[in-house]
Amino acid sequence: MAGLTTEQDADREQSARALLRRGHALVRDLWIGGVLLALVIGFSIGSPYFLTRANWLNTSSTATEVLLLAVGETFVICSAGIDLSVGAVLGFAGTAGAWVMATAFPGAGGAATWPVIVGFAAAVAAGGAFGLVNGFLIAWGGIPPFVVTLGTLGIATGFGYLLNNGQEISAIPPSVVTFGNTNLGGWVPVPVLIAAVITIWCGLLLAKTRFGAYTLSIGDSREAVIRAGINYRRYLLRIYTLSGLLAGVAAVLVMARLGAGSPASGATDNLNAIAAVVIGGASLFGGRGSVVGSVIGTGIIAVMLTGLVLINVPPFWQEVAVGAILILAVYIDQLRYRKTRSN
Amino acid sequence: MSPRLAVRDLAKHYGGVQALRGVSLHVEAGEVLGLVGDNGAGKSTLLKVLSGATAPSSGLVLLDGQPAAFASPAAAHDAGVATVYQDLALAGQRDVVANFFLGREKLAGGWLARRVGWLDGKAMAAHTVGELARLRTRIPDVRVASRDLSGGQRQALAIARAAAWTSKVLLLDEPTSALGVEQQQQVLDLIRRVRDEGIAVLLVSHQMPDVLRVCDRAVVLRLGLVAATLAGSDLNSENLVGYITGAMAGEER
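A few points on the structure. Sequence order sets the numbering: in each chain, residues are counted from 1 along the sequence as written. Both sets of labels track the order of writing: A upward for chains, 1 upward for ligands. Where local features are concerned, this predicted model is filtered to residues with pLDDT of at least 70; where side-chain atom pairs are given and counted, the filter is 80 or more; whole-chain, interface and lining totals use all residues.

Turning next to the overall build of chain A. To qualify as a helix, a DSSP run of H or I must reach at least 4 residues; to qualify as a strand, a run of E must reach at least 2; elements of each kind are numbered from the N terminus. Within chain A, the secondary structure is distributed over 13 helices and two strands. Against the globule reference of 20 Å for 343 residues, chain A gives a C-alpha radius of gyration of 22 Å, in line with a compact fold. Put simply, chain A has 343 residues, and 51% of those count as buried. Contact definition: two residues whose C-beta atoms, as placed from backbone geometry, lie within 7 Å. Partitioning the intrachain contacts of chain A with sequence separation of at least 6 by distance along the chain shows that 80% fall at a separation of at least 24. Put simply, the radius of gyration uses C-alpha atoms, and a globule should come to 2.2 Å times the residue count raised to 0.38. Any residue surrounded by 20 or more other C-beta atoms within 10 Å of its C-beta is treated as buried, while 12 or fewer makes it exposed and the intermediate range makes it partly exposed; C-beta atoms here are placed from the backbone.

This is the structure:
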């Protein structure tokens, strides 16, 4: 029967197209993974210090704060939003946490536990509060995410400086620094371990849960989500709150590493985090993205930041290199995507 | 017995514009009712009222004889009235399973899984395959992104999804308008199968051949009023066109 043959042909063609699309996703994951590998190999040839424990500790702690911001940003970008405020919120949350410790527990001793817990909780809560405000204004106020988070970027920066006249706050219990600089087996700093656990958890959250499915669907077609009777505003609120909370956690880890809450920390991290997510294959138009991709994207940026220093490139070139990789990654992705479509 | 869905003297005006001027009609369970009319006849407005997207100015919507005022599309959906609009409301980059279950995801068993909303991906895929097969919808791979489906398959997915989650009434807005001949045929077959499951189907269409092929009765709207209700041998293209254009005088009630 002629009709049947065309149907079977159509089915076959569709399966082939689906395979191609899935292959495309795999290829792009492999591609950015390959870029990371190439950078690692290149830098280790260029500098004998690259593949050392000292550089691993340096790179991984640099990566930690960008990673946590990038993980939160992954959810935001997958929902077709953007969160420009995360870096500033990190700075504010860390300063707020330090301020709470310094003000509520002045002169807390070296083994102080409670002041540290309260201070950390305050930092995470400060981040979460900014996320809540972002989410509320975007979901219920109907203000575009770009505008809202650009506004809260300014507000968080200002609040951070207001807390101590623009100065960092270092009158915090020494146990904070002890916590931040503990290494497990000499290779795994506690902050890196914490970030890794949170990242894995968030990866599963995006890929395997209803929350993750709605995050992607909201970004793909908000209309479809509304028609399905889903209260998308509630999910947007959660997405931006998650992003704020993760900025708060990142603030704690930065504070623990540096031994102070500084309003200026994280100032450029928001752009690095967004770059990491986009390099990792998320679509700025929403509906597509993965935490695994963002981890690789963060890795590329972190390796660039420390590697260029080791091969004696002036540090200002780092920003140039990250920007160029960002544009290149998106360009190649679009090129491949167009190819898949036209096939 | 009261009909599955009925509207009584439904009127809707936007400012001074009378979109509906007192429309009454009904659809029985297991029946396809065609709703035809020229542009501006009131089809879209009626559809919006029935799907809960807008509130009528006056008149009643009755579901199984009970007054039903849908405050929102979600409320209509919960009451068992599902709508498939022309744009289908599919998420293009999400796969068939994700679209099929959108808003009704199946969670894995266990307390922790429920707390975190862990999806039971396997069960969802199996259920989707089963439902699509039951309605004999030809979608070979449920992990395909919905934008990679053909137009007919997308329409079929949207209808199958609506039919699977609704128990009573399915409202279809121009389901065949953008399709090729063969795919139109498949969608019409699907509409018949949905009807045979006992669902009341209201089909809004400009395509007279479709109305003639699949509808048990047809209501012609003209200028916000019912111009005619056609069934049996009266349901032919001459009558349809006549009442739609106003060449034939309506019963106008």
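Across its full length, chain B carries nine helices and 10 strands. Over its C-alpha atoms chain B spans a radius of gyration of 19 Å, differing by no more than 12% from the 18 Å that the globule rule assigns to 253 residues. Each of the three principal axes of chain B carries a C-alpha extent, and together these read 60 × 40 × 35 Å. Long-range contacts, defined here as pairs at least 24 residues apart, represent 65% of the contacts in chain B between residues at least 6 apart.

Residues three or four positions apart in an α-helix share a direction because the helix packs 3.6 residues into each turn. Residue and element names in this part refer to chain A. Expected span of a helix: the number of residues minus one, times 1.5 Å. Taking 1.5 Å of rise per residue, the 20 residues of helix α12 (residues 291-310) would be expected to cover 28 Å, and the 28 Å separating its terminal C-alpha atoms lies within 8% of that figure. Across the 20 residues that make up α12, a large majority, 17, are buried. Just beyond α12, the residue with positive phi is Asn312, at close to 65 degrees.

What follows is about the packing of helix α4 (residues 114-139) of chain A against helix α5 (residues 145-163) of chain A. All names here are of chain A. Closest axis-to-axis distance for the α4/α5 pair is 9 Å, and the angle between their directions is 150 degrees. By the angle class used here, α4 and α5 are roughly antiparallel. Regarding α4 and α5, the two cross each other, and that crossing is right-handed. Residues Phe130, Val133, Asn134, Leu137 and Ile138 of α4 form the contact with α5, whose own contacting residues are Pro145, Val148, Thr149, Thr152 and Ala156. Residues are sorted three ways: Asp, Glu, Lys and Arg are charged, Ala, Val, Leu, Ile, Met, Phe, Trp, Tyr, Cys and Pro are nonpolar, and all the rest, Gly among them, are polar. Taken together, the residues of the contact of α4 with α5 break down into seven nonpolar, three polar and no charged. Axes here mean lines fitted to C-alpha atoms, for a helix over just the part in contact, with angles spanning 0 to 180 degrees between N-to-C directions. In these notes the angle categories are as follows: under 35 degrees is roughly parallel, over 145 is roughly antiparallel, 65 to 115 is roughly perpendicular, and the rest is oblique. By definition, any crossing whose near helix is turned counterclockwise from its far helix by less than a right angle is left-handed, and any crossing with a clockwise turn is right-handed.

Moving on to unusual backbone geometry. Residue and element names in this part refer to chain B. A positive phi angle, near 50 degrees, is found at Asp9, a position not held by glycine. Here Asp9 shows up in strand β1 (residues 5-14). You will see that Leu223, though not glycine, has its phi angle at about 55 degrees, which is positive. For Leu223, the position within the fold is in the loop between β9 (217-222) and β10 (225-231).

On to the interface of chain B and chain A. Each partner contributes residues to the interface: chain B has 25 residues there, and chain A has 25 residues. Per-element accounting of the side of chain B that touches chain A gives the leading share, three residues, to helix α2 (residues 73-78) of chain B. Here the residues of the side of chain B that touches chain A sort into 14 nonpolar, five polar and six charged.

Another aspect to go through is the pairing of strand β7 (residues 169-173) of chain B. All names here are of chain B. Taking burial as the measure, the five residues of β7 include five buried ones, the bulk of the element. Here β7 shows no split at all, with Val169, Leu171 and Asp173 on one side and Leu170 and Leu172 on the other all buried. Judged from the four bridges that link them, strand β6 (residues 81-84) and β7 form a sheet pairing that is parallel. In the strand pairing of β7, Val84 is matched with Leu172. Any two strands with at least two DSSP bridges between them are considered paired. Relative to strand β8 (residues 200-204), β7 is paired through five bridges, and the arrangement is parallel. Along β8, the bridge assignment pairs Leu172 with Leu203. Once you follow β7 into helix α7 (residues 181-196) and on to β8, the crossover reads as right-handed. Whether a crossover is right-handed comes down to one check: with the strands pointing away from the viewer, does the path from the first strand over the helix to the second run clockwise; if it does, it is right-handed.

All right, on to the nonpolar core then. Note on terminology: a nonpolar core is any set of buried Ala, Val, Leu, Ile, Met, Phe, Trp, Tyr and Cys residues joined through C-beta atoms within 7 Å. Of all hydrophobic cores here, the largest spans 183 residues; its most connected members are Leu203 and Val220 of chain B. Broken down by element, this core gets its largest block of residues, 17 residues, from helix α10 (residues 232-258) of chain A. In this structure, Val220 of chain B is in contact with Val36, Gly37, Ala227, Ala228, Leu230, Leu240, Tyr243 and Ile244 of chain B, ignoring residues within four places of it in sequence.

Let us now look at the sheet that holds β6 of chain B. Residues and elements named next belong to chain B. Strand order in the open sheet formed by six strands is β6-β7-β8-β3-β9-β10, and the pairing between neighbours is mixed. Of all strands in the sheet, those bounded by a partner on one side alone are β6 and β10. Neighbour-to-neighbour, the strand axes of the sheet open up by a mean angle of 20 degrees, direction not taken into account. Of the strand pairs in this sheet, strand β3 (residues 32-37) and β9 are connected by five bridges, and their pairing is parallel. Bridge assignment links Val36 to a residue of β9, and that residue is Val220. Packing against the sheet, α7 makes contact with β3, β7 and β8, and its axis sits at approximately 150 degrees to β8.

Turning our eyes to something else, we now look at the packing of helix α3 (residues 86-104) of chain A against α4 of chain A. Residues and elements named next belong to chain A. Packing of α3 against α4 brings their axes to within 8 Å, and their N-to-C directions diverge by 145 degrees. Crossing geometry of α3 relative to α4 is assigned as right-handed. Between α3 and α4, the residues in contact are Val89, Phe92, Ala93, Gly94, Ala96, Gly97, Ala98, Val100, Met101 and Ala104 and Pro115, Val118, Gly119, Phe120, Ala122, Ala123, Ala126, Gly127 and Phe130, respectively. Among the residues making up the contact of α3 with α4, the classes are represented as 15 nonpolar, four polar and no charged.

Now for the sheet that holds strand β5 (residues 66-67) of chain B. Residue and element names in this part refer to chain B. Read from one edge to the other, the open sheet built from four strands follows the order β2-β1-β4-β5, with strand pairing classed as antiparallel. Among the strands making up the open sheet, the edge pair consists of β2 (17-27) and β5. With five bridges joining them, β1 and strand β4 (residues 58-63) adopt antiparallel strand pairing. Opposite Val7, over in β4, you have Val61 as the bridge partner.

Next up on the list: helix α8 (residues 210-220) of chain A. Among the 11 residues that make up α8 of chain A, nine are buried, leaving the element largely enclosed by the rest of the structure. All buried positions along α8 of chain A are accounted for by Gly212, Ala213, Tyr214, Thr215, Leu216, Ser217, Ile218, Gly219 and Asp220 of chain A. Packed against the buried residues of α8 of chain A are α2 (53-78), α7 (190-208), α9 (222-227) and α10 of chain A together with α3 (96-100) of chain B.

Moving on: the environment of Leu310 of chain A. Residues and elements named next belong to chain A. Of note, Leu310 is situated in helix α12. Here the alpha-carbon distance between Leu310 and Ser44, two residues 266 residues apart in the chain, equals 9.4 Å. Setting aside anything within four residues of it in sequence, one finds Leu310 in contact with Phe43, Ser47, Tyr49, Phe50 and Asn55.

Everything listed here is a matter of coordinates, which is why it stays silent on function.
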